[in-house]
Amino acid sequence: MGNCFSDGGAKSAAAGGAGATSASPNNLHHHQSGAGGAASNDAVDLYLNSHGYRGLFSQIESDPMAVIYTKGRDGKLEEVGRTEVILNSLDPVWIAKHTVKYHFEILQTYVFRVYDVDSQFHSVPVKMLKLDEQQFLGEVTCALSEIVSKPTRSLTLNLVNGEEHAKDNHFQKLGVLNIRAEECTSSKTTAEIIFRCSDLEYKDLFSKSDPFLVISKAVESGSLIPVCKTEVKKNDHNPTWKPVFLNLQQIGSKAYANLHDYLGISRGDTPLTIECFNFNSNGRHDLLGKTEKSLADLENLLNEEGESLFVPDVVGQSVQNKVLKSRLFVEKYSESTQHSFLDYIAGGCEMNFMVAVDYTASNGNPRLADSLHYIDPSGRPNAYQKAIKDVGDVLQCYDSDKRYPCWGFGARPIDGPVSHCFNLSGSSIHSEVDGIQGILTAYNGALHNVQFAGPTLFGPIIHAASEIASQSLANNEHKYFVMLIITDGVITDLQETIDSLVKASDLPLSVLIVGVGGADFKEMEVLDADKGGRLESSSGKIASRDIVQFIPLQRLQGGEISVVHSLLAELPLQFLTYMRSRDIQPQQPRNSQKCT
């Protein structure tokens with residue numbers, strides 16, 4: 001299909017070209033190398049001729065086109081775009097760029113399929129081509145993070161016939177596909193905003209309110225994910241907060257909002273939600289009012305009369321918005337271009353994954369089906385296994401050696417006392433295991449080799465993670481550490497844990513906590529600065545930054561939003577806050593390219 005004889009000197013041409021899209025954090029380019037190019041075919045031709053085989057070999061070229069799909073969690077494919085058709089080439093380099101939006105917190109899987117377009121369809125626009133009428137040449141599957149985490153931001157993969165023919169693929173040479181991602185300048189743009197409010201309501205009986213703002217973005221399901229928050233202002237009904245910083249790529253740039261205007265679609269379709277809360281030490285904060293505005297709308301609020309806040313109000317069988325006299329103002333709005341998260345990754349900075357697992361007796365007997373640690377014979381993962389795999393699958397692409405420290409706590413290892421930080425590897429010296437599967441294997445093995453005990457202490461494991469991060473910092477390594485703690489209970493060393501976290505806030509470290517089971521985690525929420533003020537140690541030292549994200553799993557059982565999405569949404573900002581506060585610049589990547 002679409003083949004022609006070549007004399008080896010023909011130039012490549014394009015048919016049915018597809019234009020590139022713009023205003024994107026990443027553009028993907030593609031280059032395919034055939035199983036044999038002109039040079040290799042000449043060698044084969046010479047070999048055949050020298051052995052008397054004449055007329056049996058002709059150099060055949062194709063008219064290839066690549067089709068890009070995104071693969072959902074359910075395995076379904078959705079087409080993203082198509083390249084142009086390159087005529088008469090076994091080594092095509094496609095010009096078309098395809099816009100995709102990079103989300104650190106999601107494992108974004110893409111499938112690239114290559115087709116040979118029959119010559120009778122060369123005049124047909126590529127979008128109109130019926131793929132079942134073209135010859136399938138092969139495909140590759142990869143995660144976007146596998147591409148952007150490479151220093152060159154490119155990935156070369158062998159084409160295969162498809163997953164259903166995976167066993168036979170190693171016998172065939174279908175060629176290779178090179179994919180390159182370029183980060184656009186717009187994704188490096190950060191908006192600095194100063195908010196203030198007026199006439200906030202009284203919620204405390206004997207004092208003024210302690211307000212703070214939480215700014216969230218909506219995901220596809222409609223659920224809200226916090227992207228940043230202000231500090232808490234004590235006893236202030238007309239507060240002005242310190243500046244907040246919003247990355248345009250993270251929340252959706254004004255370019256998209258302007259495109260909505262051009263198409264006649266309201267920018268209010270995908271707004272930011274800005275909520276004002278009254279801080280309560282028990283973690284149950286009172287809503288003082290909220291509003292929904294796009295980034296462009298917030299810029300337009302600069303020096304204006306402000307925007308009225310509202311609260312949901314139940315009227316009969318419906319929920320209506322009750323408008324308040326409280327108003328939100330934008331005192332400052334400015335944009336600047338700064339180094340992005342991907343700049344640091346491309347420069348060789350790595351994110352190292354760590355895991356700590358709760359083996360206290362409150363989890364139940366792992367041999368019984370009602371235990372949180374029960375290993376289902378059907379293969380269905382329990383909450384611990386799922387959290388490890390889902391978070392690990394996202395983070396593993398940012399760690400080159402894929403060796404991960406993993407610990408257990410709250411149990412008595414064989415022939416030893418109760419330990420609140422023991423190596424799951426089984427070694428008394430080394431805490432690291434190989435790969436995500438290595439963590440899962442070590443987790444499972446410990447279930448049979450330790451005696452569940454208690455209490456639930458976080459201080460020792462946070463100290464262990466801090467020691468590794470501190471040593472890396474002393475060695476001037478370009479690393480940032482992410483520790484996942486999975487627990488079923490309320491911690492009994494709250495102040496010691498806070499002291500450890502305040503100290504760790506000066507290190508290249510973030511702590512992710514997943515609460516499993518039905519325990520009351522209200523004390524745990526104190527550790528997460530999203531739920532209130534910055535942590536303060538027993539000596540009076542304030543944490544230099546927010547490094548904790550806590551998610552109780554039971555809140556997410558409806559399936560509207562994944563644990564990973566909730567846990568990791570703030571991680572790039574925590575990473576950048578650390579780097580920028582210490583004026584750490586990304587190293588220059590090899591073969592770096594800019595999207596202009």
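The following refers to the structure shown. Since the model is a prediction, treat every value here as computed from it, not as a measurement.

The next point concerns the overall build of the chain. Check the secondary structure of the chain and you find 12 helices and 29 strands. Among the 596 residues that make up the chain, the fraction classed as buried is 51%. A separation threshold of at least 6 residues defines the contact pool for the chain, and within that pool the share at least 24 residues apart is 73%.

Relative to the helices and strands, Gln-437 is located in helix α8 (residues 435-447). It is 9.5 Å that separates the C-alpha atoms of Gln-437 and Gly-392, two residues lying 45 residues apart in sequence.

Its location among the elements puts Ser-149 in the loop between α2 (144-148) and β11 (154-158). A distance of 2.6 Å separates the side chain of Ser-149 from the backbone oxygen of Ser-145, its partner in a polar contact. Here Cys-397 takes part through its backbone oxygen, which lies 3.1 Å from a polar atom of the side chain of Ser-149.

Attention now moves to the pairing of strand β14 (residues 211-218). Across the eight residues of β14, seven count as buried, placing the element largely inside the fold. As defined by bridge partners, β14 adjoins strand β17 (residues 272-278) across seven bridges and the pair is classed as antiparallel. When the sheet's bridge partners are listed, Phe-212 is paired in β17 with Phe-277.

For helix α12 (residues 571-581), every residue scored as buried is listed here: Leu-571, Pro-572, Gln-574, Phe-575, Leu-576, Tyr-578 and Met-579. Trailing α12 by a residue or two, Asp-583 shows a phi angle of about 55°, which is positive.

Our focus in this paragraph is the nonpolar core. A general feature of soluble globular proteins is that nonpolar side chains tend to end up buried together. Core analysis: the largest hydrophobic core is formed by 73 residues, its most contacted members being Phe-341, Met-351 and Tyr-359. With seven residues, the single largest contributor to this core is α8. A domain split of this core shows at least three residues from each of domain 1 (64-183) and domain 3 (341-582). One finds Phe-481, Ala-504, Leu-507 and Phe-521 within the second-largest nonpolar core, a separate group that totals 30 residues.

Once that is clear, we can look at the packing of aromatic side chains. Within this structure, the stated rule accounts for 17 aromatic pairs. For the ring pair Tyr-344 and Phe-575, a centre distance of 5.6 Å and an interplane angle of 80° mean the geometry is edge-to-face. With a gap of 231 residues between them, Tyr-344 in helix α6 (residues 341-346) and Phe-575 in helix α12 connect regions that are remote in the sequence. Each member of the pair Tyr-344 and Phe-575 is classed as buried.

Quick look at the packing of helix α9 (residues 459-474) against helix α10 (residues 494-504) now. Viewed as axis vectors pointing N to C, α9 and α10 meet at an angle of 15°, and their least axial separation amounts to 9 Å. As far as their axial angle goes, α10 and α9 are roughly parallel. With respect to the hand of their crossing, α9 and α10 are arranged in left-handed fashion. Residue-level inspection shows Gly-459, Ile-462 and Ser-466 of α9 in contact with α10, the latter providing Thr-497, Ser-500, Leu-501 and Ala-504. When its residues are assigned to classes, the contact of α9 with α10 shows three nonpolar, four polar and no charged.

Rules of the game
Residues numbered from 1 in each chain as written. Predicted model: local features only at pLDDT ≥ 70, side-chain atom pairs only at ≥ 80, totals over all residues. Heavy atoms only, no water. Helix = DSSP H or I, 4+ residues; strand = E, 2+ residues; numbered from the N terminus. Buried < 20%, exposed > 50% of the residue type's maximum accessible area, 1.4 Å probe, protein only. Contact = heavy atoms within 4.5 Å. Polar contact = N/O pair within 3.5 Å; in protein donor to acceptor, adjacent residues only side chain to side chain. Pairing = 2+ DSSP bridges. Core = buried A, V, L, I, M, F, W, Y, C linked by side-chain atoms within 4.5 Å. Domains from an automatic or database assignment. Phe/Tyr/Trp six-rings, centres within 6.5 Å; stacked < 30°, edge-to-face > 60°. Axes fitted to C-alpha atoms, helices over the stretch in contact; angles between N-to-C directions. Parallel < 35°, antiparallel > 145°, perpendicular 65-115°, else oblique. Left-handed = near helix turned anticlockwise from the far one by under 90°. Nonpolar A, V, L, I, M, F, W, Y, C, P; charged D, E, K, R; others polar.

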